[in-house]
Amino acid sequence: MSRQARFYQWGMVIDLDRCTGCGACVVACQAENNVALVEKQRFAEGRDMHWLRIERYWEGEFPHVRARFLPMLCQHCGDAPCEPVCPVYASYHNDEGLNGQVYNRCVGTRYCGNNCPYAVRVFNFLNPDWPQPLPDQLNPDVTVRSRGVMEKCTFCIQRIRRGKETAKSEKRLVRDGEIQPACAQTCPPGAIVFGNLADPDSHVSRLARSPRRFRLFEDLGTDPSVIYLKGGGHEHAG
Ligand code: SF4
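Everything quoted here is computed from the prediction, not taken from an experiment. (Residues numbered from 1 in each chain as written. Predicted model: local features only at pLDDT ≥ 70, side-chain atom pairs only at ≥ 80, totals over all residues. Heavy atoms only, no water.)

(A) Inspection of the overall build of the protein chain at higher detail. Secondary structure summary: the protein chain contains 6 helices and 10 strands in total. For 238 residues, the compact-globule estimate of 2.2 N^0.38 gives 18 Å, and the C-alpha radius of gyration of the protein chain, at 18 Å, lies within 12% of that figure. Counting only C-alpha atoms, the protein chain reaches 55 × 45 × 35 Å along its principal axes. Within the protein chain, buried positions represent 45% of all 238 residues. Within the structure as shown, the protein chain displays about 12700 Å² of accessible surface, and the carbon and sulfur contribution to it stands at 51%. The positive charge centre, built from 30 side chains, and the negative charge centre, built from 27, are 1 Å apart in the protein chain. (Helix = DSSP H or I, 4+ residues; strand = E, 2+ residues; numbered from the N terminus. Rg over C-alpha atoms; globule rule 2.2 N^0.38 Å. Buried < 20%, exposed > 50% of the residue type's maximum accessible area, 1.4 Å probe, protein only. Areas by Shrake-Rupley, 256 points an atom, 1.4 Å probe, with all protein chains shown as cover. Lys, Arg positive; Asp, Glu negative; His and termini not counted. Charge placed at Lys NZ, Arg CZ, Asp CG, Glu CD.)

Printed below as a string of structure tokens:
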């Protein structure tokens, strides 16, 4: 299906000028998506588990150095390197631009993780332990994954599904801003904007046309659906 014919082309814009590196989005993602908690020792062994991480880097030369932060998540690439290498088609693309992951199909070869230039796929090495009362706060809309599968950000597909079903029952399209992934909903300075790139008037589309836009490793031809805005002033319209 061509991009023009789509009702929805989900995408995200992240304004790096607004991001303070607070990490609220990381916690929101963990809570929303039942991402397993990893102990300190396991973390040190490289078994850390998160679908969204904050990368810190430094800008400028001493003494005029400034810390910058870049939220890193699945880029939902239009030409995703993870998809063709999966031997069982657990990593796939849907016609709304999402890079999906079928957990009960994944056999854990980790080819997808090795082929992802953004290192945003995490392998579940453990059977997650959810001591009481934590099971009571698991999100019933999201599968609790077990050992041996590759996990990653889905743009909170459960929220997308719910928003689309609500819109369908009311015989309309999803309204701009109606669906928000947990990270975007939580971000205090509003650095993350999610929406429909197929709608040229949506908030996310307007931001995506900013002269400050860039995409990570664009030269690789991965065609990411996550667009970053570099420093140089705010332009959150609407
Ligand atoms: S919640 Fe917003 S400001 Fe905080 S780290 Fe995430 S993107 Fe940056």
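(B) Just the side chain of Asn196, in detail. Following the sequence through the fold, Asn196 ends up in strand 8 (residues 192-196). In terms of polar contacts, Asn196 uses its side chain to reach the backbone carbonyl oxygen of Phe7, at 2.8 Å. Here the side chain of Asn196 touches Ala198 through a polar contact of 3.0 Å, landing on its backbone nitrogen. Those residues within four positions of Asn196 in sequence are excluded, and the remaining contacts are Phe7, Tyr8, Gln9, Trp10, Ser202, Val204 and Ser205. (Polar contact = N/O pair within 3.5 Å; in protein donor to acceptor, adjacent residues only side chain to side chain. Contact = heavy atoms within 4.5 Å.)

(C) Representation of the site of the ligand within the structure. Taken together, the neighbourhood of the ligand is formed by 13 residues, with Cys19, Cys22, Gly23, Cys25 and Cys187 sitting nearest. Grouping the constituent residues of the shell around the ligand by class yields 10 nonpolar, 3 polar and no charged. (Near = heavy atom within 4 Å. Nonpolar A, V, L, I, M, F, W, Y, C, P; charged D, E, K, R; others polar.)

(D) The sheet that holds strand 10 (residues 226-229), seen in detail. Read across the sheet, 4 strands follow the order 8-1-10-9 without closing on themselves; strand pairing throughout is mixed. Strands at the two margins of the open sheet, each flanked by one partner only, are strand 8 and strand 9 (213-214). The pairing of strand 1 (residues 10-15) with strand 8 spans 5 bridges and is classified as antiparallel. Along strand 8, the bridge assignment pairs Val13 with Val193. (Pairing = 2+ DSSP bridges.)

(E) Structural context of the nonpolar core. One finds Trp10, Met12, Ile14, Leu73, Phe155 and Tyr228 to be the most contacted residues of the largest nonpolar core, which totals 46 residues. Sorting the residues of this core by element identifies strand 1, helix 1 (24-32), strand 3 (66-72), strand 6 (122-123), helix 4 (157-169), helix 5 (182-186), strand 8 and strand 10 as the ones contributing at least two each. Within the second largest apolar cluster, 7 residues are counted, among which are Val193, Val204, Ala208 and Leu229. (Core = buried A, V, L, I, M, F, W, Y, C linked by side-chain atoms within 4.5 Å.)

(F) Examining a nonpolar patch on the surface more closely. On the surface, Trp58, Phe62 and Val65 cluster together into a nonpolar patch covering about 400 Å² of accessible area. Note on Trp58: relative accessible area 52%, which makes it exposed. (Patch = residues over 30% accessible without salt bridge, like charges linked within 9 Å, V, L, I, M, F, W, Y side chains within 5 Å. Salt bridge = Lys/Arg side-chain N within 4 Å of Asp/Glu carboxyl O.)

(G) Up close: helix 4. Compared with an ideal rise of 1.5 Å per residue, which puts 13 residues at 18 Å, helix 4 spans 18 Å between its outermost C-alpha atoms and is within 8% of the ideal. As for helix 4, its buried residues are in contact with strand 1, helix 1 and strand 8. At the C-terminal side of helix 4, Lys171 shows a positive phi close to 55°. (Expected span 1.5 Å × (residues − 1).)

(H) Structural context of the packing of aromatic side chains. If you walk through the whole model with that rule in mind, you get 6 aromatic pairs. Between Tyr118 and Phe217 the ring centres are 5.4 Å apart and the planes differ by 20°, which places this aromatic pair in the stacked class. Residue Tyr118 is found in the loop between helix 3 (111-115) and strand 6, and its partner Phe217 is found in the loop between strand 9 and strand 10; the two are separated by 99 residues along the sequence. By relative accessible area, Phe217 is classed as partly exposed at 45%. Where Phe155 meets Phe194, the ring centres are 5.2 Å apart and the plane angle is 75°; that geometry is what we call edge-to-face. Note that Phe155 is positioned in the loop between strand 7 (150-151) and helix 4 and Phe194 in strand 8, a separation of 39 residues in sequence. An identical accessibility class is assigned to Phe155 and Phe194; each is buried. Against the face of Phe125 rests Arg47, its NZ or CZ located 3.7 Å from the ring centre. The ring of Tyr103 carries Arg145 above its face, with NZ or CZ at 5.7 Å from the centroid. (Phe/Tyr/Trp six-rings, centres within 6.5 Å; stacked < 30°, edge-to-face > 60°. Lys NZ or Arg CZ within 6 Å of the ring centre and 35° of its normal.)

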